[in-house]
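Examination of the molecular architecture
What follows is the residue order along each chain.
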Amino acid sequence: MTMPLAINENSKVTLDAAAWAFNIVTSVGIIMVNKALMATYGFSFATTLTGLHFAATTLMTLVLRWMGHIQSSHLPPSEILKFILFANFSIVGMNVSLMWNSVGFYQIAKLSMIPVSCFLEVVLDKMRYSRATKLSILLVLLGVAICTVTDMSVNAKGFIAAFVAVWATALQQYYVHYLQRKYALGSFNLLGHTAPAQAASLLLLGPFVDYCLTNKTVGAYPYTSTSVFFIILSCTIAIGTNLSQFICIGRFSAVTFQVLGHMKTILVLTLGFLFFGKDGLNLQVVLGMVIAIMGMIWYGNASSKPGGTETQNLSSPNPKPQKQNGLLESSELDEKV
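Per chain, residue numbering runs from 1 following the sequence as it is written. Confidence filtering applies because this is a predicted model: local features only for residues at pLDDT of at least 70, side-chain atom pairs given and counted only at 80 or more, and all residues used for totals across whole chains, interfaces and linings. Excluding hydrogens and water, the side-chain values take into account all heavy atoms of the structure.

**Observations regarding the environment of T133**
Stated precisely, the cut-off is as follows: Strands here are runs of E lasting at least two residues and helices are runs of H or I lasting at least four, both read from the DSSP assignment and numbered beginning at the N terminus. The cut-offs for exposure are 20% and 50% of the maximum accessible area for each residue type, with area from a 1.4 Å probe on protein chains only; residues under the lower value are buried, those over the upper are exposed, and the others partly exposed.
Along the chain, T133 falls in helix α6 (residues 131–148). Note on T133: relative accessible area 0%, which makes it buried. Put simply, T133 and N301 are 168 residues apart on the chain and 8.6 Å apart in space, counted from C-alpha to C-alpha.

Next comes the structure, spelled out in structure tokens:
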């Protein structure tokens, strides 16, 4: 009995590492491509571009379903509507927050997603965190704040936009975890249900939102073969980004996704210094990166120990066993797909 258990544990560790690597590579890749697309070629229509991302993801799910790689499943329209509301308020809220706030306050708002996600898991899932886990999260927040937060200015409408964006993002990520658990959906299945609605709503509202934010229209943009290539490349990478996000949140939790997700922040900063110049690179930034990475390593170690993170089920006398930091059902479904 010991040998199969050891093999299963090794397999889980390998799949977990592969999921994180997939998410990090696609997320960092799409950030670098979008940075080139917007900064170099002036395509500033972020909401419309996100709609195109989900349109490409929808096409991928339709092809996989046609090929028989995605099994039929059911998700009530009311659940899809709630998910789309959270997700779209998150996307639009983040874009508006970045426009109305300083970069420093925008980064603070992004960092606050971790405590908000912790609050949701404590209240809704009765999650308990050990002292070491809490301290490791604080260390990650401190490190990322040191290397990313510079100027700090805020106004009333910017604060409201950031507040809406943070809570919508935390709720959307929690809902990914919740829907996979409640309806036994794999990542492909959940994307198949939500991506078409997100694509339709963002492509419908995106041009209007982008016009309000940039005072420019998508149709008036001077498209060239190079800019179209970068748009297609961005959409292609976005398929992997969307899928890997659902896989990671399903295998772990929204909090773990947020904490370890700051590794992407560190990588983006590093790659930015390598490819776009070393402006802004100083001892403070390097120190912040080191502290954040130490916090991530500590979090991974603390949360994996018994009692690091655990769910208390107070309503059922015989709760189903759950894997720590993840979901048994969604992980198995993704491995089967």
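More follows now that the structure is in view.
**What about unusual backbone geometry?**
The phi angle at A184 is positive, at roughly 50 degrees, despite the residue not being glycine. Of note, A184 is situated in the loop between α7 (156–182) and α8 (187–214). Residue A184 is classed as partly exposed on the basis of its relative accessible area of 42%. Of note in the backbone geometry, N215 takes a positive phi value of approximately 60 degrees without being a glycine. Among the structural elements, N215 can be located in the loop between α8 and α9 (225–251).

**Side note on the side chain of S97**
The cut-off we apply is this: By definition in these notes, contact holds between two residues if any of their heavy atoms fall within 4.5 Å.
By the secondary structure assignment, S97 is in helix α3 (residues 77–100). Not counting chain neighbours up to four residues away, the residues in contact with S97 comprise Y106, A161 and A162.

**With respect to the nonpolar core**
Here is the rule: We call a set of buried Ala, Val, Leu, Ile, Met, Phe, Trp, Tyr and Cys residues a nonpolar core when their side-chain atoms join them within 4.5 Å.
In this structure, F83 and L190 are the most contacted members of the largest nonpolar core, which totals 29 residues. For this core, the element with the highest residue contribution is α8, accounting for six residues. Setting aside its immediate chain neighbours within four residues, F83 contacts Q172, Y175, V176, L179, T194, Q198 and F246. L141, C147, V285 and Y299 belong to the second largest nonpolar core, which has 18 residues in total.

**Re the pattern of salt bridges**
The following threshold applies: The working definition used for a salt bridge is a side-chain nitrogen of Lys or Arg within 4 Å of a carboxyl oxygen of Asp or Glu.
All chains considered together, the criterion is met by three salt bridges. Put simply, K82 and E79 hold a salt bridge, and the shortest N to O gap is 3.4 Å. Residue K82 and its partner E79 are located together in helix α3, separated by three residues, close to a single helical turn. Accessibility expressed as a relative area gives 40% for K82, which makes it partly exposed. Look at E79 and you get buried, because its relative accessible area is 5%. Bridged by salt links that share partners, the residues E79, K82 and K182 form one connected network.

**A few points about the confidence of the model for the protein**
Let me state the cut-off plainly: A residue's pLDDT is the confidence the predictor assigns to it, expressed on a 0 to 100 scale.
Scored by pLDDT, the protein comes out at a mean of 82, with 84% of its residues at no less than 70. Ranking the elements of the protein by mean pLDDT puts helix α12 (residues 328–336) last with 44 and helix α2 (residues 46–66) first with 93.

**Let's talk about the packing of α3 against α8**
We count it as follows: The convention used is that axes are lines fitted to C-alpha atoms, helices contributing only their stretch in contact, and that angles between N-to-C directions extend from 0 to 180 degrees. An angle below 35 degrees is treated as roughly parallel, one above 145 as roughly antiparallel, one from 65 to 115 as roughly perpendicular, and anything else as oblique. In this scheme the crossing of two helices becomes right-handed for a clockwise turn of the near helix relative to the far one and left-handed for an anticlockwise turn of less than a right angle. Gly is put with the polar residues, along with every residue not named as nonpolar or charged; the nonpolar set is Ala, Val, Leu, Ile, Met, Phe, Trp, Tyr, Cys and Pro, and the charged set is Asp, Glu, Lys and Arg.
Relative orientation of the contacting elements α3 and α8 amounts to 30 degrees, with a least axis distance of 10 Å. When the interaxial angle is binned, α3 and α8 end up roughly parallel. As for how α3 packs across α8, the hand of that crossing is right-handed. Packed against α3, whose contacting residues are I80, F83, I84, A87, N88, I91, V92, N95, V96 and M99, the element α8 presents H193, T194, A197, Q198, S201, L202, V209 and L213 at the interface. Counted by class, the contact of α3 with α8 contains twelve nonpolar, six polar and no charged residues.

**Topic: α8**
Let me state the cut-off plainly: Expected helix span is computed as 1.5 Å times (number of residues minus one). Bend at a given residue is defined as the angle between two axes, one fitted to the seven residues that end at that position and one fitted to the seven that begin there.
For α8, with 28 residues, the first-to-last C-alpha span of 34 Å runs short of the 40 Å given by 1.5 Å per residue. The largest bend in α8 comes to about 40 degrees, at G206, with the proline P207 one to four residues further on. Of the residues trailing α8, N215 is marked for its positive phi of about 60 degrees.

**Describing the environment of V218**
One can find V218 in the loop between α8 and α9. Along the primary structure V218 and L49 are separated by 169 residues, whereas in three dimensions their C-alpha atoms are 9.8 Å apart. Other than its neighbours up to four places away in sequence, V218 contacts F45, T48, P207 and Y223.

**Observations concerning a nonpolar patch on the surface**
This is how the line gets drawn: Each patch is built from salt-bridge-free residues with over 30% relative accessible area, joining like charges within 9 Å and nonpolar side chains (Val, Leu, Ile, Met, Phe, Trp, Tyr) within 5 Å. Every accessible area reported is derived by Shrake-Rupley at a probe size of 1.4 Å, with residue values counting cover from the shown protein chains alone.
On the surface, L81, L85, F89, V154, F159, I160, F163 and V164 cluster together to form a nonpolar patch covering roughly 780 Å² of accessible area. Per-element tally for the nonpolar patch: the top contributor is α7, with four residues. Take F163: its relative accessible area is 48%, and that puts it in the partly exposed class.

**With respect to the packing of aromatic side chains**
Inclusion rule: Two rings from Phe, Tyr or Trp (for Trp, the six-membered ring) form a pair when their centres sit within 6.5 Å of each other. Planes less than 30 degrees apart are called stacked, planes more than 60 degrees apart edge-to-face, and all others tilted. Geometrically, a lysine NZ or arginine CZ counts as sitting over a ring once it is within 6 Å of the ring centre and also within 35 degrees of the ring normal.
Tallied over the entire structure, the rule returns 15 aromatic pairs. Seen in terms of ring centroids, F229 and F230 are 5.7 Å apart; in terms of plane orientation they differ by 80 degrees. Their pairing is edge-to-face. Overall, F230 belongs to the buried group, its relative accessible area being 17%. Chaining the aromatic ring pairs together yields one cluster made of F43, F45, Y221 and Y223. In this arrangement the basic side chain of K157 is found over the ring face of W100, its NZ or CZ atom lying 4.8 Å from the centre.

**Structural notes on the environment of A165**
Mapped onto the secondary structure, A165 falls in helix α7. A residue is classified by how much of its surface remains accessible, and A165, at 0% relative accessible area, is buried. Along the backbone, A165 and V92 are 73 residues apart, and their C-alpha atoms lie at a distance of 7.6 Å.

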